[in-house]
Amino acid sequence: MKSKNSGKDFCMFALPGMFCFFAVVIIPFVYGVYLTLTDWNGVSKVKNFIGLKNFSGVMRDGQFWTSLLLTFKYVIFVVLIVNVLAFAIAYLLTRGIKGQNFFRAGFFTPNLIGGIVLGYIWQFVFSRVFVSIGESTGWKLFEVSWLSDPTNAFIALVVVSVWQLSGYMILIYVAGFMGLSEDVMEAASIDGASGFVKLKSIIMPLMMSSITICLFLTLSRAFMVYDVNLSLTAGAPYGTTEMAAMHVYEKAFTSRQFGVGQAEAFILFIIVAVISGLQVYFTKKQEVEA
Amino acid sequence: MGKRIMKKVISSGLVLALAVTMLTGCRFGFASDPDDPNEETKEVPIDTSVDTFEYDTSLSGTSITLLNSKAEIQVALEKMTAEYEKKSGVHVEVMPVTDGDSPYTKVVSLYNSGTPPTASILDTTDVIALAEEKAADLTEEPWVAEAEGYLTEINGKIYSFPLCIEGRGIIYNKAVIEKALGESFDPASVTTQSEFVELLDRLVDAGIKKPVSMAKEDWSLGAHQLQYIYETYEGTSEGAQEIIEDIKAGKVDLSSYDRLSQFLDTFDILKKYNVAKGDPLGADYDEMAIDLADGKTAFWFNGNWAWPNISEAGASEEDAYGFLPYFLNDDKSDFANQKIQASPSKQIMLDGQIATEKEQAAAKEFLSWIVFSEIGQQMMVKTCNIIPPFKNNPYEPSDPLSADIYTKVHEDKAFNASAIVPNDHWAVLGASMQKYLAGRSDREELTGDIQKYWDEQE
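Residues numbered from 1 in each chain as written. Chains lettered and ligands numbered in written order. Predicted model: local features only at pLDDT ≥ 70, side-chain atom pairs only at ≥ 80, totals over all residues.

### A look at the overall build of chain B
Thought 1: Secondary structure assignment for chain B yields 18 helices and 13 strands.
Thought 2: In terms of overall size, chain B behaves like a compact globule, its C-alpha atoms giving a radius of gyration of 24 Å where 458 residues would be expected to give roughly 23 Å.
Thought 3: Across its three principal axes, chain B shows a C-alpha extent of roughly 80 × 60 × 45 Å.
Thought 4: Contacts in chain B between residues at least 24 apart in sequence constitute 75% of all its contacts with a sequence separation of at least 6. (Helix = DSSP H or I, 4+ residues; strand = E, 2+ residues; numbered from the N terminus. Rg over C-alpha atoms; globule rule 2.2 N^0.38 Å. Contact = placed C-beta atoms within 7 Å.)

### With respect to the overall build of chain A
Thought 1: Tallying secondary structure elements over chain A gives eleven helices and zero strands in all.
Thought 2: Along chain A, helices (α) and strands (β) appear in the sequence α-α-α-α-α-α-α-α-α-α-α when read from the amino end.
Thought 3: The principal-axis extent of the C-alpha atoms belonging to chain A is close to 80 × 75 × 30 Å.
Thought 4: With 290 residues in all, chain A has 32% of them scored as buried.
Thought 5: Within chain A, contacts between residues separated by at least 24 positions form 74% of all contacts whose residues are at least 6 apart in sequence. (Buried ≥ 20, exposed ≤ 12 C-beta atoms within 10 Å, placed from the backbone.)

### Some details on the interface of chain B and chain A
Thought 1: At the junction of the two partners, chain B supplies 19 residues and chain A supplies 19 residues.
Thought 2: Of all the elements in the fold, those that place two or more residues in the side of chain B that touches chain A are helix 3 (103-112), helix 4 (124-134) and helix 17 (425-437) of chain B.
Thought 3: Take the side of chain B that touches chain A: its biggest share by element is five residues, from helix 17 of chain B.
Thought 4: Grouping the constituent residues of the side of chain B that touches chain A by class yields seven nonpolar, seven polar and five charged. (Nonpolar A, V, L, I, M, F, W, Y, C, P; charged D, E, K, R; others polar.)

### Concerning the nonpolar core
Thought 1: Among the nonpolar cores identified, the biggest contains 171 residues, and I171(B), M349(B) and I405(B) are the most heavily contacted of them.
Thought 2: Examining the composition of this core, we find that eleven residues originate from one element, helix 6 (residues 150-179) of chain A, more than from any other.
Thought 3: Discounting chain neighbours no more than four positions away, the residues touching I171(B) are L292(B), F299(B), W300(B), N302(B), A306(B), Y321(B), F323(B) and L401(B). (Core = buried A, V, L, I, M, F, W, Y, C linked by C-beta atoms within 7 Å.)

### A few points about the sheet that holds strand 3 (residues 119-123) of chain B
Residues and elements named next belong to chain B.
Thought 1: Spatial ordering of the open sheet is given by 2-1-3-12-6, a layout of five strands whose pairing is mixed. Each end of this open sheet is capped by a strand with a single partner; those strands are strand 2 (91-96) and strand 6 (160-162). Ignoring strand direction, the axes of neighbouring strands in this sheet form an average angle of 25°.
Thought 2: Bridge count for strand 3 against strand 12 (residues 346-350) is five bridges, and the pairing is antiparallel. (Pairing = 2+ DSSP bridges. Axes fitted to C-alpha atoms, helices over the stretch in contact; angles between N-to-C directions.)

### Quick notes on the packing of helix 6 of chain A against helix 8 (residues 195-223) of chain A
Residue and element names in this part refer to chain A.
Thought 1: The interhelical angle for the contact between helix 6 and helix 8, taken along N-to-C directions, is 160°, at an axis separation of 9 Å. Taken together, the axis directions place helix 6 and helix 8 in an arrangement best described as roughly antiparallel. Between helix 6 and helix 8 lies a crossing of right-handed hand. The residues of helix 8 that touch helix 6, namely those facing S161, L165, M169, I172, Y173 and G176, are M207, S210, I213, C214, T218, R221 and A222.
Thought 2: Its residues assigned to classes, the contact of helix 6 with helix 8 comprises eight nonpolar, four polar and one charged. (Parallel < 35°, antiparallel > 145°, perpendicular 65-115°, else oblique. Left-handed = near helix turned anticlockwise from the far one by under 90°.)

### What about unusual backbone geometry?
Thought 1: If you check the backbone angles, A234(A) has positive phi at about 50° while not being a glycine.
Thought 2: Looking at the secondary structure, you find A234(A) in the loop between helix 9 (227-233) and helix 10 (244-254).
Thought 3: Assessed through the 19 C-beta atoms surrounding it within 10 Å, A234(A) is described here as partly exposed.
Thought 4: In the Ramachandran plot, N385(B) falls in the positive-phi region, its phi being about 60° despite a non-glycine side chain.
Thought 5: Look at N385(B) and you get partly exposed, because 19 C-beta atoms sit within 10 Å.

### Brief notes about helix 2 (residues 74-88) of chain B
All names here are of chain B.
Thought 1: Taking 1.5 Å as the rise per residue, helix 2 with 15 residues should run 21 Å; its terminal C-alpha atoms sit 21 Å apart, in good agreement.
Thought 2: Turning to helix 2, the residues buried within the fold contact strand 2, helix 14 (357-372) and helix 15 (374-383).
Thought 3: Just past helix 2, the residue G89 takes up positive phi, approximately 85°. (Expected span 1.5 Å × (residues − 1).)

### Some thoughts on the pairing of strand 11 (residues 340-344) of chain B
All names here are of chain B.
Thought 1: The buried fraction of strand 11 amounts to five of the five residues, a majority that puts the element mostly inside the structure.
Thought 2: Note: strand 7 (residues 165-173) against strand 11, four bridges, orientation antiparallel. Bridge pairing links E166 to S343 in strand 11.

### Some remarks on the domain arrangement of chain B
Thought 1: The domains assigned to chain B are domain 1 (57-164 + 345-390) and domain 2 (180-342 + 422-456).
Thought 2: Computed from C-alpha coordinates alone, the two centres of domain 1 of chain B and domain 2 of chain B are separated by 31 Å. (Domains from an automatic or database assignment.)

### Thoughts on the pairing of strand 9 (residues 299-303) of chain B
Residues and elements named next belong to chain B.
Thought 1: Along strand 9, five of the five residues are buried, which leaves the element largely enclosed by surrounding structure.
Thought 2: Side chains F299, F301 and G303 of strand 9 all project onto a buried face; the interleaved residues W300 and N302 project onto the opposite face, where all are buried too.
Thought 3: Two strands pair when backbone bridges link them, and strand 7 and strand 9 are joined in this way by five bridges, in the antiparallel orientation. The residue of strand 9 that forms the bridge with G169 is N302.
Thought 4: As paired strands, strand 8 (residues 212-214) and strand 9 are joined by three bridges and run parallel to one another. Looking at the pairing, S213 lines up with W300 of strand 9.

### Focus on the packing of helix 3 (residues 62-92) of chain A against helix 8 of chain A
Residues and elements named next belong to chain A.
Thought 1: It is the contact of helix 3 with helix 8, at a shortest axis distance of 9 Å, that shows an interaxial angle of 145°. The hand of the helix 3/helix 8 crossing is right-handed. The segment helix 3 lies against helix 8, with T71, Y74, V75, V78, V79, V82, N83 and A86 engaging C214, L215, T218, L219, A222 and F223.
Thought 2: Among the residues forming the contact of helix 3 with helix 8, the class breakdown is eleven nonpolar, three polar and no charged.

### Topic: the confidence of the model for chain B
Detailed reading of the predicted coordinates is not advisable wherever pLDDT is low.
Residues and elements named next belong to chain B.
Thought 1: Averaged over chain B, the pLDDT score is 86; the fraction of residues at 70 or greater is 90%.
Thought 2: Here residues 18-40 is a poorly scored stretch, pLDDT under 50, and it has 14 contacts once near neighbours within four places are set aside; other chains count.
Thought 3: For this predicted complex, the interface confidence score (ipTM) comes to 0.79, while the overall pTM stands at 0.82. (pLDDT = per-residue confidence, 0-100.)

### Thoughts on the environment of T38(A)
Thought 1: By the secondary structure assignment, T38(A) is in the loop between helix 1 (2-35) and helix 2 (53-60).
Thought 2: Sequence-distant contacts of T38(A), defined by excluding residues within four places in its chain, comprise K47(A), N48(A), F49(A), I50(A) and G259(A).

### A few points about the environment of Q227(B)
Residue and element names in this part refer to chain B.
Thought 1: For Q227, the position within the fold is in the loop between helix 7 (218-225) and helix 8 (228-231).
Thought 2: Taking the C-beta count within 10 Å as the criterion, Q227 has 22 such neighbours and is therefore assigned buried.
Thought 3: Between the C-alpha atom of Q227 and that of D126, which follows or precedes it by 101 residues, the distance is 17 Å.
Thought 4: In contact with Q227, not counting residues within four places along its chain, are A419 and V421.

Written out as structure tokens, the structure is:
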């Protein structure tokens, strides 16, 4: 009787969701992996099985590894800066300072603007506004467009991504701070913990669940960055800021090597899955109950 | 209580401000904003009184789709298809390829979802990639005879309709040159590279410190500039194909290939007089059009598709703009110094796989209508503002750049060559060209990049 009932419940509640999940995530994913083993070009009717030839194509594609390395560099900068900054701002914004709700909304706003739009806005800022500031003040820093120099263009990408992602993370950290129990804080103060000790021994462990989420979100978003990359630099100058996701797209659709592009996407997926899996595993271990 | 009233006042004030701005319509925007809603477009009148085209009445009521990858004629195409529907009863839905999507990606994804467009406007390379697998054979169509020299044949068959001729070269603003030099300027008087440099130097002396604009975009550098090395091999598409095969096979040593070194000489000249010399990769495309129209510069390397930008920057159709050839050397008899490049660029391909026979017939009729009906001919030139490759079309384009190309094509002052290169040529070698433009690589490295690119092709 009981099992029959739960079968019905499963069909009613889980099946539609499962169906959608399979239809739009699992099946395309498995199919995509299958495509890496064929020579399909996206158009032809026949797909020939060619084994691991596409993967050896990936090995030969030096530009892919360069862009992957760049992506790692980008991820390290973005994840660190975003989380430190968001944590600090969230801390300030939960201490009851004047107008904190206004600030919370203000910091969150960039996250509401789509990456493409944001990229174009900042492109204007970097290549026009900064340059005209440079012209009128004579500051060396703003003399030429940041986007025309490989190092500065990379910094520009990091700056914009940090600006966009921080707001969201601030929101999660703020929620985490609000959830901290007053009793525990008070007890810690009575026990003589203050300032840095309180932050390290009491707040950080209790905030670990927020940190897990934020690290996971920033990691996966930074690895898969495409929209800001496309609209802000589009790989310029001369392909030096092309991140892995963008390279995969270019390989598949501009160079029309679908198989190799798909194989690169799969490799990128494995890397991101392993890294964020490890991150979740280790940060989860640090989580404590109040 | 007072606080609450304050809040109310502020919020209603905000609402009011928003409403007012919305109602009046923001009147700010950049001079070159292509979507500026305040801009007034003038209608070119189309004479619809004469129409001798014979419509197939059995097709009336058919509905077909047309994928448009030429964004600047989207509105014009809609007008054109509306006119066609009035006459024939065939509904043509024009689907734009959105910004950022490549036409090829779009058409492939439509094929994979089983709903391909009946007709699609594509680049020649895309047609070559898709034709034999997907396209309808158009070899027997009546317009084929009118477009001699502008057709793309694949294994002896024609799968695409050449939509327009586009040309490129060094655009000049005649008024600016004449004003600076204080004398009349005859573009035909500049016949060699040295004479061009001489002219540039005179302009510099006359106060135009940096008279040239050069786009930093990879499609401009990698496709429009660099492809001269193939297209000027002998000035034909076949010649371009030949030299590409030779480079691929290693039969031509690029470091001693004369067209490459000549091309780089000219490129260096443009680079030297570039208005954005201080930061060539920071150059802004819209600003170049404004600079040319305002007279800050006198030349811009580009093609006739740049007219909408120049016109939005303030130029009018009565102004004198035109093309100088991309001078390659000092040999007056070299065709590269006498002619500009102009060849068909966009092609319409019909689906031969999913579309029903009736839909295919309707699409074929639409193509014939463009070529043979008086209305189609007019709308092609006047509404879409393109240069048709069909001999029987008597109308001349009105904007100065297209008009210049039109004249040059008819006076044999243009060479019809377009190199068919792999689809990522512009992106990969565009990046190498950017590096060279920025002065971060030398000729040797650039030549090496080009050779490496071709070595990697199968």
